[in-house]
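Examination of the molecular architecture
Okay, here's what each chain looks like letter by letter:
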Amino acid sequence: MKRWHATRVSSGISATALLFSSLFFVVPTAHGETYVAGQFGFAVPGLGGGLSDGDITSSFFLPGATHGEFELSTSLMFGGKVGHYFNSARWIGVEAEVFHTTPHIDQQVHTFQNPSVPGVTASATFQGAYFRVLTVAPFNLMFRYPMTRLQPYVGVGPGIFFARIKGEGLAPDSPESTSDNGRLGLNAKVGLEYYVTRHLTAFAEWKLNYAHFKFDENQNLFPFPYGLDATYTMHLVSFGVGYHF
C-alpha cells in the first residue's frame, strides 16, 4: 500500500512538473514573427511623473516667472502596436505603437518665482484644465528572451508627442486652447509576454515617456493665460492581447 501511494505521489509530481514545463518553458516554433496588438491601461503620474521645471512666457502675467510642477491626474490609456521579430535573430525586433491618454491638470495652488525679483513669490489657485497627450512611437528597438512561452522583453525608441491644454469647460477645438503639435522625446518599456498559443499572446508592460513641451501664449485661455515650457514625464502601465503571424 505504501509503495502504491508513493508511486501515485511521484506520478502526480511528474505530471505537475510536465504541465508547468509545457506552460512556461516549451519553446514556441522558431520562426520570424510579425504581430499586431491592442493595449489599454493607465497613465500614473503619481509614480514620479507630471509637468515639471516650468518656464512661463507672458507679455503681461509674471513675465519670466518659473514654477516647479503641475500635478496631473491618473488617466486611462489606450492604443495599438505592430511589430516584427527577425528570423535570423529571434531575440531582436522592431515595433511601432500609438496610444492616447488624458492626464488632466488637477486643481492646485501654484507658487511662482520671478528671477528678476529674487526672493519675491506670488501664489495663485488654478481650477484645473484639460490635458491630452497623443504618443506616436514610430520605431522601438525590441529585445526579448525567445526560449520560453513566458518571454520578458525591453524596448526603447523615439516618441513624437502631441499635447493640448484647454481651460475648464471649453470645447477641445475652441480658440481658447493651446497645443504643442509634435515634440520629439523618449519612449521606453519593459514587459512580459505569454504565448497562449503559437499565434495568440497576452502581455503586461510598464512604459516611460519623456519630452519637453512648449505651449504658445494664449491670453484668452483660463486658467493658463500665458505660454508654458515644461518637461513631461509619465509612467504608464498597460495590458493587451496580440496576434502573431
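Before reading further, recall that the structure is shown in the block above.
Read on for an overview of the structure.

Calculation rules
All residue numbers refer to positions counted from 1 along the written sequence of the respective chain. Given that the model is predicted, a residue must reach a pLDDT of at least 70 before its local features are reported, and side-chain atom pairs must reach 80 or more before they are shown or counted; all residues, however, enter totals for whole chains, interfaces and linings. As a rule here, side-chain values cover all heavy atoms of the structure and leave hydrogens and water aside. Only DSSP runs of H or I reaching four residues or more are called helices, and only runs of E reaching two or more are called strands; each is numbered from the N terminus. Only protein chains enter the area calculation, which uses a 1.4 Å probe; residues under 20% of their type maximum are buried, those over 50% are exposed, and those in between are partly exposed. Whether two residues are in contact is decided by their heavy atoms: any pair within 4.5 Å suffices. Here, the term nonpolar core denotes a set of buried Ala, Val, Leu, Ile, Met, Phe, Trp, Tyr and Cys residues that are joined through side-chain atoms within 4.5 Å. N or O atoms closer than or at 3.5 Å make up a polar contact, with two conditions inside protein: a donor-capable atom paired with an acceptor-capable one, and, for residues adjacent in sequence, both atoms drawn from side chains. Pairing of aromatic side chains requires ring centres within 6.5 Å, counting the rings of Phe and Tyr and the six-membered ring of Trp. Pairs whose planes differ by under 30 degrees are stacked, by over 60 edge-to-face, and all others tilted. Counted as over-ring charges are cases with an Arg CZ or a Lys NZ within 6 Å of the ring centre that also lie within 35 degrees of the ring normal. Put plainly, a pocket is an open set of points on a 1 Å grid over the protein atoms alone with protein on both sides within 12 Å along at least five of seven lines, a cavity is a set where a 1.4 Å probe fits but cannot get out, and a lining residue has an atom within 4 Å of a point. Grid points are joined across faces, edges and corners, and a volume is the space filled by probe spheres set on the points. Basically, the charged four are Asp, Glu, Lys and Arg, the nonpolar ten are Ala, Val, Leu, Ile, Met, Phe, Trp, Tyr, Cys and Pro, and anything else, Gly included, counts as polar. By definition, a salt bridge exists where a carboxyl oxygen of Asp or Glu is found within 4 Å of a side-chain nitrogen of Lys or Arg. Grouping into patches uses exposed residues only, defined as over 30% relative accessible area, and leaves out salt-bridged ones; the cut-off is 9 Å for like charges and 5 Å for nonpolar side chains (Val, Leu, Ile, Met, Phe, Trp, Tyr). Areas reported as accessible are Shrake-Rupley estimates using a 1.4 Å probe. Residue values count occlusion only from the protein chains shown.

From N to C terminus, the protein chain includes one helix and twelve strands. Each helix and strand of the protein chain, placed in order from N terminus to C terminus, yields the pattern α-β-β-β-β-β-β-β-β-β-β-β-β. Taken across its 245 residues, the protein chain has 42% of its residues classed as buried. Sequence-distant contacts in the protein chain: of pairs separated by 6 or more residues, those separated by 24 or more amount to 71%.

What follows is about the nonpolar core. In terms of nonpolar packing, the biggest core is built from 21 residues, with Leu51, Ile105, Phe131, Val133, Phe213, Phe215 and Tyr232 touching the most fellow members. Put simply, the parts of the chain that give this core at least two residues each are strand E8 (129-144), strand E9 (150-167), strand E11 (200-215) and strand E12 (227-244). Counting residues in each nonpolar core, the second largest holds six residues, with Tyr35, Met142, Tyr153 and Phe203 among its members.

Along the chain, lysine 81 falls in strand E4 (residues 75-85). On the accessibility criterion, lysine 81 (8% relative accessible area) is buried. At 3.1 Å, the side chain of lysine 81 forms a polar contact with the side chain of glutamate 205. With residues up to four places along the chain from it excluded, the contact list for lysine 81 reads Tyr35, Val36, Ala37, Gln39, Glu95, Ala96, Glu97, Tyr153, Lys189, Phe203 and Glu205.

Within the structure shown, the criterion is met by ten aromatic pairs. Considering the side-chain rings of phenylalanine 40 and phenylalanine 239, the 6.2 Å spacing of their centres and the 45° angle between planes classify their relative orientation as tilted. Residue phenylalanine 40 is located in strand E1 (residues 33-43), and its partner phenylalanine 239 is located in strand E12; the two are separated by 199 residues in the primary sequence. One aromatic cluster is present, formed by Phe131, Phe161, Phe213, Phe215 and Tyr232 through successive ring pairs. Geometry around tyrosine 85 places arginine 144 over its ring, the cationic atom sitting 3.9 Å from the centre.

With that out of the way, let us pick up empty space enclosed by the protein. Throughout the structure, instances matching the rule amount to three cavities of 30 Å³ or more. Size it by volume and the largest cavity reaches roughly 70 Å³. Contributing to the lining of the largest cavity are Tyr35, Ala37, Lys81, Tyr85, Glu95, Met142, Tyr153, Glu193, Phe203 and Gly242. Counting only elements with at least two residues in the lining of the largest cavity, the list comes to E1 and E4. Residues belonging to the lining of the largest cavity are distributed by class as follows: six nonpolar, one polar and three charged.

Within this structure, the stated rule accounts for nine salt bridges. Taken together, the shared-partner salt bridges in this structure form one network comprising Lys81, Glu95, Glu97, Lys189, Glu205 and Lys207.

Our focus in this paragraph is the side chain of threonine 101. Mapping threonine 101 onto the fold places it in strand E5 (residues 92-101). There is a polar contact of 3.0 Å between the side chain of threonine 101 and the side chain of serine 75. Setting aside its immediate chain neighbours within four residues, threonine 101 contacts Ala43, Ser75, Leu76, Met77, Phe131, Arg132, Val133 and Tyr232.

This paragraph deals with a nonpolar patch on the surface. Together, Leu47, Trp91, Phe139, Leu141, Phe143, Val154, Val156, Leu186, Val190, Trp206 and Tyr210 make up a nonpolar patch on the protein surface, roughly 940 Å² of accessible area in all. When residues of the nonpolar patch are traced back to their parent elements, those giving at least two are E8, E9, strand E10 (177-195) and E11. Ranked by residue count, the leading element in the nonpolar patch is E8, at three residues. Inspection of the secondary structure puts tyrosine 210 in strand E11. Classification of tyrosine 210 by relative accessible area gives partly exposed; the value is 41%.

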